[in-house]
Amino acid sequence: MSDLLRACLEQHGLADRFPTILAERYPRIAARVAELWGTPMLSAYFEELLIMDRPDRQGFPPEVGAELMTLAYAYDQIAFPAMQQEDVWAHVHDKARQELAEQGLGATVRDFHQCVSRGEHHIIGLFLRAGLSVEVRDEQEWTPLIRACFEGNATMAEALIRAGASVHAQDADGYGPLHWAALNGQEGLAQLLLSHGARVNAPNKHGFTPLIQAASRGHTKLVRLLISLGGNVNTCTAEGWTALHKAVANGHLDAAVALLDHGADPQARHQDGTTPLQIAQQSNRQRLHQLLSMAASLRQRRPESYNAAAPPQVKK
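So, how was this worked out
- Residues numbered from 1 in each chain as written.
- Predicted model: local features only at pLDDT ≥ 70, side-chain atom pairs only at ≥ 80, totals over all residues.
- Heavy atoms only, no water.
- Salt bridge = Lys/Arg side-chain N within 4 Å of Asp/Glu carboxyl O.
- Helix = DSSP H or I, 4+ residues; strand = E, 2+ residues; numbered from the N terminus.
- 1 Å grid on protein atoms, 1.4 Å probe; cavity = no way out; pocket = protein on both sides within 12 Å on 5 of 7 lines; lining within 4 Å.
- Points joined across faces, edges and corners; volume = space filled by probe spheres on them.
- Nonpolar A, V, L, I, M, F, W, Y, C, P; charged D, E, K, R; others polar.
- UniProt positions renumbered as here; feature names shortened; annotations may be inferred.
- Phe/Tyr/Trp six-rings, centres within 6.5 Å; stacked < 30°, edge-to-face > 60°.
- Buried < 20%, exposed > 50% of the residue type's maximum accessible area, 1.4 Å probe, protein only.
- Lys NZ or Arg CZ within 6 Å of the ring centre and 35° of its normal.

- Looking at an unreviewed UniProt entry, one finds the protein chain named Ankyrin repeat domain-containing protein and attributed to Chitiniphilus purpureus.

Thoughts on the pattern of salt bridges
Okay, step 1: Within the structure shown, the criterion is met by 10 salt bridges.
Okay, step 2: Among the salt bridges present, the one from Arg-137 reaches Glu-141, with a minimum N-O distance of 3.9 Å.
Okay, step 3: Its salt-bridge partner being Arg-299, residue Asp-265 comes within 3.5 Å of it at the nearest N-O pair. With a gap of 34 residues between them, Asp-265 in the loop between α17 (253–261) and α18 (276–282) and Arg-299 in helix α19 (residues 286–301) connect regions that are remote in the sequence.
Okay, step 4: Three or more residues joined by partner-sharing salt bridges are found here, namely Asp-138, Arg-147 and Glu-151.

Remarks on empty space enclosed by the protein
Okay, step 1: Scanning the entire structure with this criterion turns up one cavity of 30 Å³ or more.
Okay, step 2: If you add up the space inside the largest cavity, you get close to 90 Å³.
Okay, step 3: Looking at the largest cavity, the residues that line it are Val-167, His-168, Ala-169, Gln-170, Gly-176, Pro-177, Leu-178, His-179, Arg-199, Ala-202 and Pro-210.
Okay, step 4: It is helix α12 (residues 177–183) that provides the largest number of residues to the lining of the largest cavity, a total of three residues.
Okay, step 5: Of the residues assigned to the lining of the largest cavity, the class counts are six nonpolar, four polar and one charged.

Brief notes about the UniProt feature "repeat: ANK" (unreviewed entry) in the protein chain
Okay, step 1: With numbering matched to this structure, UniProt assigns "repeat: ANK" (unreviewed entry) to residues 140–172, 173–205, 206–238 and 239–271.
Okay, step 2: Span residues 140–172 is 48% helix and 0% strand, its end C-alpha atoms 6 Å apart.

Considerations on the packing of aromatic side chains
Okay, step 1: A complete count under the given rule lists five aromatic pairs for this structure.
Okay, step 2: Taking 4.7 Å as the distance between ring centres and 5 degrees as the angle between the ring planes, the aromatic pair formed by Phe-112 and Phe-127 counts as stacked. Here the residue Phe-112 occupies a position in helix α8 (residues 109–117), and Phe-127 occupies one in helix α9 (residues 124–129), the gap between them amounting to 15 residues. The same class applies to Phe-112 as to Phe-127, namely buried.
Okay, step 3: Grouping aromatic residues by their ring pairs yields a cluster made of Trp-142, Phe-150, Tyr-175 and Trp-180.
Okay, step 4: Positioned over the ring face of Phe-18 is Arg-6, at 3.9 Å from the centre of the ring.
Okay, step 5: A cation over a ring is seen here: Lys-246 above Trp-241, with NZ or CZ 4.8 Å from the ring centre.

Here you go:
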């Protein structure tokens, strides 16, 4: 029946709404949804599942509740395109808002984001059922997922993604979840985001990529991970900073070596003409200067090698 439900969603271009966790943990419910698909009874069944106000029943885990709400919205888009979802689900929203109030919370952007910061992933489903979007933004234009990634909470990030959060969201400066995970050295989070389609070379508004972020903080394992998944070592910002510029400027020897191993250019020029090699020399970072000088010499002698897929490696 899971295949039937998936086919129903794919038919309407909503394959991304397939409730993976629900199908795994509650196959009978997924089967029942598939059986009722296209009938008036399905909306009533969704209401019964989502309200859960009988004393003999317990609510679903948050990630399952979020999937159910997302699936119910998807069905309404198909079955009742002319109706406003707020009207269709007003009673569900009211029930969820009441439950939030009982916990001292409101259906507000502030409370949603505070719960994300506190790691209260079990509350996500309530906020969604109360009518808030999983993409609701605060004053910095942060979505809940961006906040979770900035704060390094992988469990919360995974719950939000399962609830439909976009890994491509950007804040006011164009930073996305992967930028913040990379800046803070969160390898697990980066892998999670990349596995859900985050773009490894996505720039912010000033051209900073996740790789440049990771290199600037010296997160060598993350630098290598991003490169292995297609991170471009010689991409530069609007001002001309490359990942190698940032790694050298901040004295991150291992990160610089990782970049050089994959063809980073020690003579790449910032808009004022400054190169990583010059930065190493001017800052008296002797080991870095030696490595970059050797890499620059290799590039001059064998430039064709640096256009190949696997450039020569520079060792410490």
